[in-house]
Amino acid sequence: MTATPTKAELRRQLRARRGALTRRQQARAAAELAHRLTATRAFRASRRIACYLPNDGEIDPRPLIERIWTLGKDCYLPVLSHTPHEHLWFARVMPDTPLTLNTYGIPEPRIAGEWLRARQLDLILLPLVGFDLAGNRLGMGAGFYDRCLEYLRLRRVWKKPRVVGLAHDCQRVAQLPVNDWDIALDAVVTDRAVYSMAGEANK
Ligand SMILES: Nc1ncnc2c1ncn2[C@@H]1O[C@H](COP(=O)(O)OP(=O)(O)OP(=O)(O)O)[C@@H](O)[C@H]1O
Ligand SMILES: [Mg+2]
C-alpha cells in the first residue's frame, strides 16, 4: 500500500514541476490562459475581477489583466492584512497604480483607494500549487484564501464571487488531501483546458 502524500510533500513536488518551466513555456502558457479564460461565461459576466501577480513559477495572469482593462472591467489585487488577524483585502488597480512589496516579496497596491472584501467581487482568480478534478485546491500553505472565503462554506445558493483557480496543466493531480477549512474551486483554467466542477456552468 502506498501512503497518500501529505500537503507539504505535494507542495514540494508541484512547485518543482512548475519551477522547471522555461521562460518561453511560461510566456506561451500565459497567452493560452488569457485566451481560454476570456472565453468563459464567468469572465464575460463579471465586472469586478480579482487577479494576482505571479510568484514562484505561478502561471502569469498579466496578459489577462491587460484584457480586463481593455474591456473596461475593474481589476483588483489582493492586499495582505495582518491585524487584527490575517486577512485578504482586494484593492483596485489601474495601469499606473503604484505597487509595494509585501512580506512575501509580492508587489501589492497598498495605497488608499477602493478596497473590497471577497464577497463584493464577481470573480476571483486565484493562484494555486495543485488542484484535482473535484475542485480541491492546494495553495502555498498560509491559508489566506481559505480564510477570506470561509463564509462560502455555509452558502448553498447565493454564491459570490465565483472562485476560479489558474494553473499550469502540470499542476493537476489525481486527488488532493483536503482539510475541513479548504474552500473548493468552482473551476480551474489552465494553459490547456477549462475544468468546470460539478454543478458549475462556467464555459
Ligand atoms: N478559516 C480559517 N480560519 C482559521 N485558520 C485557517 C482557516 N483556513 C485555513 N486556516 C489555517 O491556514 C493554514 C494553512 O491552510 P492550508 O494548508 O489549507 O493552506 P493553503 O490553502 O495551501 O494556502 P492559501 O489558501 O494561502 O493558498 C492551516 O494551518 C489552517 O489552520
Ligand atoms: Mg487550503
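Rules and cut-offs
- Residues numbered from 1 in each chain as written.
- Chains lettered and ligands numbered in written order.
- Predicted model: local features only at pLDDT ≥ 70, side-chain atom pairs only at ≥ 80, totals over all residues.
- Heavy atoms only, no water.
- Core = buried A, V, L, I, M, F, W, Y, C linked by side-chain atoms within 4.5 Å.
- Buried < 20%, exposed > 50% of the residue type's maximum accessible area, 1.4 Å probe, protein only.
- Contact = heavy atoms within 4.5 Å.
- Helix = DSSP H or I, 4+ residues; strand = E, 2+ residues; numbered from the N terminus.
- Arc of directions from axis to C-beta.
- Salt bridge = Lys/Arg side-chain N within 4 Å of Asp/Glu carboxyl O.
- Phe/Tyr/Trp six-rings, centres within 6.5 Å; stacked < 30°, edge-to-face > 60°.

J.: Teacher, can you tell me more about the nonpolar core here?
T.: A general tendency of soluble globular proteins is for nonpolar side chains to be buried together. In this structure, Leu37, Cys51, Leu64, Phe90, Leu125, Val164 and Leu166 are the most contacted members of the largest nonpolar core, which totals 49 residues. The contact partners of Leu37, leaving out residues within four places of it in the chain, are Phe43, Leu64, Leu125, Val164, Leu166 and Val189. The next biggest cluster of nonpolar side chains, apart from the first, holds six residues, and it includes Leu14, Val129, Val173 and Leu176.

J.: Please clarify how helix 4 (residues 62–70) should be interpreted in this entry.
T.: Quick reminder: α-helices carry 3.6 residues per turn. Residues three or four places apart thus point the same way. Of all the positions in helix 4, only Leu64, Ile65 and Ile68 are classed as buried. One side of helix 4 carries all its buried residues, which in axial view fall inside an arc of 105 degrees. Turning to helix 4, the residues buried within the fold contact helix 2 (23–38), helix 3 (41–44), strand 1 (48–50), strand 2 (74–81), strand 7 (123–127) and strand 10 (162–167). The positive-phi residue at the C-terminal boundary of helix 4 is Gly72, with phi of around 75 degrees.

J.: Would you explain the pattern of salt bridges in this entry?
T.: Pairing is possible between side chains that carry opposite charge, provided their charged atoms lie close to one another. One pass over the structure, following the stated rule, counts 12 salt bridges. When the shortest N-O distance is used, the salt bridge between Asp74 and Arg47 registers 3.6 Å. Within this pair, whereas Asp74 is found in strand 2, its partner Arg47 is found in the loop between helix 3 and strand 1, the two being separated by 27 residues in sequence. With a relative accessible area of 47%, Arg47 lands in the partly exposed category. Of the charged contacts in the structure, one is a salt bridge between Arg62 and Asp60, with a shortest N-O distance of 2.8 Å. By relative accessible area, which is 46% here, Arg62 ends up partly exposed. Taking the relative accessible area as the measure of exposure, Asp60 reaches 15% and is therefore buried.

J.: Is there a simple way to think about the packing of aromatic side chains in this case?
T.: The relation between two aromatic rings is expressed through the spacing of the ring centres and the mutual angle of the planes. For the structure on display, the rule yields three aromatic pairs. An angle of 50 degrees between the planes, with centres 6.5 Å apart, marks the rings of Trp89 and Trp115 as tilted. A residue pair is termed long-range when its members are at least 10 positions apart, and Trp89 in strand 3 (residues 87–93) and Trp115 in strand 6 (residues 115–116) qualify at 26 residues. On the basis of relative accessible area, Trp89 is assigned to the partly exposed category, the value being 24%. A relative accessible area of 29% means that Trp115 is categorised as partly exposed. With a centroid separation of 6.4 Å and an interplanar angle of 90 degrees, the aromatic rings of Tyr104 and Phe144 are classed as edge-to-face. Note that Tyr104 is positioned in the loop between strand 4 (100–101) and strand 5 (107–108) and Phe144 in helix 5 (residues 144–148), a separation of 40 residues in sequence. With relative accessibility at 48%, the residue Tyr104 sits in the partly exposed group.

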